[in-house]
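This is what each chain is made of:
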Amino acid sequence: WAKADGKNRWAGYNYERNAREVARFTLAARMPAAVESEEFYVDYQPIVRLADGKLVGVEALVRWSHPEFGRLGPDQFIGLAEETGLIVPLGRWVLREATRQARRWRDIYGDQAPWVSVNVAARQTVEPTLVDDIATILRAAELPPSSIQLELTESAIMATTGVPLEALRALSDMGVRIAIDDFGTGYSNLAYLRHLPVHSIKLAGRFMEGLRAAPDADEADARIVSTLVELAHALGHDVVAEGVEDPEQAERLRLIGCDTAQGWLFAKPGPPEEIERWLES
Ligand code: C2E
Ligand code: MG
Ligand code: MG
Ligand code: MG
């Protein structure tokens with residue numbers, strides 16, 4: 001009977017949901033201790049200048065080496081960390097770790113060291129101590145502020161007003177680079193964009209699909225990319241293309257005038273030694 005059927009489905013749905021809730025609870029409960037005991041680590045992905053293929057920057061991407069569940073990617077715990085507020089201590093840890101790494105690279109490569117880009121959640125920009133924390137970290141590491149870039153997603157930055165916006169402006173004035181991440185996936189107010197203290201724009205990987213070789217090429221996507229690059233340049237911003245997977249995409253981006261690119265074509269995110277192997281080859 002339909003009702004019994006529906007009832008079973010409903011029960012099944014509940015069990016599944018329950019298991020998910022338990023898993024989330026388990027992860028959330030462990031997170032504070034995990035930050036303390038360094039279960040988190042950071043992988044780095046090259047950001048390459050399209051004109052000459054030089055590695056100019058890297059993006060720091062956090063991972064969790066969970067004692068029970070193994071390696072977890074950020075998609076499995078960042079949302080949870082944001083909901084619980086644990087993103088604040090976790091984000092501070094990532095920033096410290098990335099800065100330590102930037103310091104090490106500066107010691108080895110001097111001015112040729114790549115800048116290090118760190119993802120920052122909207123929740124972190126609300127912290128009244130953000131600007132001081134970053135200033136203190138940079139001073140302690142004796143790093144020029146331009147060796148660090150902060151990435152905020154398009155939706156996070158578009159929602160930024162008042163104190164958080166002042167914080168971003170203060171950081172930008174200090175010389176810290178600010179980037180808009182995943183540009184083109186949310187709702188941008190283009191008029192607002194010109195008032196933001198932004199240094200670069202990261203074009204979302206989904207636009208790169210249309211830049212593949214025929215028959216996968218999509219001229220509408222290609223026109224969107226070239227228009228966004230032109231707009232960003234007109235506003236004085238640098239452009240990074242994300243999710244570049246094949247040489248055709250890289251070549252078309254170079255012809256369009258996009259500044260830098262990041263993606264599996266160049267390298268997947270990996271340990272700092274992989275960046276060093278690249279810089280030394
Ligand atoms: P994101 O900041 O947009 O980072 C780029 C994501 O794209 C990374 O996924 C990277 O591994 C992946 N990627 C790179 N190249 C390619 C490619 O060619 N093709 C495809 N399909 N994917 C590529 P990942 O490491 O899983 O990170 C996912 C998201 O988690 C990040 O997206 C970022 O929003 C967030 N995240 C990572 N680390 C942190 C962090 O320390 N703090 C915060 N708040 N968020 C973080
Ligand atoms: Mg990012
Ligand atoms: Mg991105
Ligand atoms: Mg993202």
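None of the values given here were measured: they were computed from a predicted structure.

(A) Seen up close, the packing of aromatic side chains. Applying the stated criterion across every chain yields a total of 4 aromatic pairs. Aromatic side chains Tyr44 and Trp105 sit 5.3 Å apart centroid to centroid with 75° between the ring planes, which places their arrangement in the edge-to-face category. Here Trp105 lies in helix α3 (residues 87-109) and Tyr44 lies in strand β1 (residues 40-49), a separation of 61 residues in the sequence. You can call Tyr44 buried: its relative accessible area is 2%. Among the aromatic residues, those joined into a cluster by ring pairs are Phe40, Trp64 and Phe77.

(B) Region of interest: the site of ligand 1. Within the structure, ligand 1 sits among 22 residues, and Glu59, Asn119, Asp181, Glu245 and Trp264 are positioned closest to it. Asn119 is positioned with one of its side-chain polar atoms (N or O) 2.9 Å from an oxygen atom of ligand 1. Glu242 places a side-chain nitrogen or oxygen 3.3 Å from an oxygen atom of ligand 1. Expressed as a share of its isolated accessible area of 810 Å², the protein-covered part of ligand 1 is 79%. The set of elements that each furnish at least two residues to the shell around ligand 1 consists of β2 (55-66), α3 and β6 (177-183). Of the residues forming the shell around ligand 1, the biggest block, 4 residues, is contributed by β2. Class assignment for the residues of the shell around ligand 1 results in 10 nonpolar, 4 polar and 8 charged.

(C) Expanded view of the coordination of the magnesium ion (ligand 2). The protein atoms donating to the magnesium ion (ligand 2) are Glu59 (OE), Asn119 (OD1), Glu151 (OE) and Asp181 (OD), with metal-donor distances spanning 2.0 to 2.2 Å. Between the two metal centres, the magnesium ion (ligand 2) and the magnesium ion (ligand 3), the spacing is 3.8 Å, with Asp181 acting as a shared donor. On the criterion of sequence distance, the pair formed by Asn119 in strand β4 (residues 115-119) and Asp181 in strand β6 is long-range, its members being 62 residues apart. Residue class for Asn119 comes out partly exposed when judged on its relative accessible area of 30%. Asp181 gets classed as buried once you look at its relative accessible area, which sits at 6%.

(D) Spatial organisation of the environment of Val116. With respect to the helices and strands, the residue Val116 is situated in strand β4. Judged by its relative accessible area of 0%, Val116 is buried. Between the C-alpha atom of Val116 and that of Leu150, which follows or precedes it by 34 residues, the distance is 8.6 Å.

(E) Structural view of the pairing of strand β7 (residues 200-203). Burial of β7 is two-sided: the residues Ser200 and Lys202 facing one way and the residues Ile201 and Leu203 facing the other way are all buried. Sheet topology note: the β6/β7 ladder contains 3 bridges and is parallel. Paired with Phe183 across the strands is Leu203, a residue of β7. For β7 and strand β8 (residues 238-241), the ladder comprises 4 bridges, and the chain directions are parallel. By the bridge assignment, Leu203 is partnered in β8 with Ala241.

Definitions and cut-offs
Residues numbered from 1 in each chain as written. Chains lettered and ligands numbered in written order. Predicted model: local features only at pLDDT ≥ 70, side-chain atom pairs only at ≥ 80, totals over all residues. Heavy atoms only, no water. Phe/Tyr/Trp six-rings, centres within 6.5 Å; stacked < 30°, edge-to-face > 60°. Helix = DSSP H or I, 4+ residues; strand = E, 2+ residues; numbered from the N terminus. Buried < 20%, exposed > 50% of the residue type's maximum accessible area, 1.4 Å probe, protein only. Near = heavy atom within 4 Å. Polar contact = N/O pair within 3.5 Å; in protein donor to acceptor, adjacent residues only side chain to side chain. Areas by Shrake-Rupley, 256 points an atom, 1.4 Å probe, with all protein chains shown as cover. Nonpolar A, V, L, I, M, F, W, Y, C, P; charged D, E, K, R; others polar. Donors = N, O, S within 2.8 Å, 3.2 Å for Na, K, Ca; no water. Pairing = 2+ DSSP bridges.

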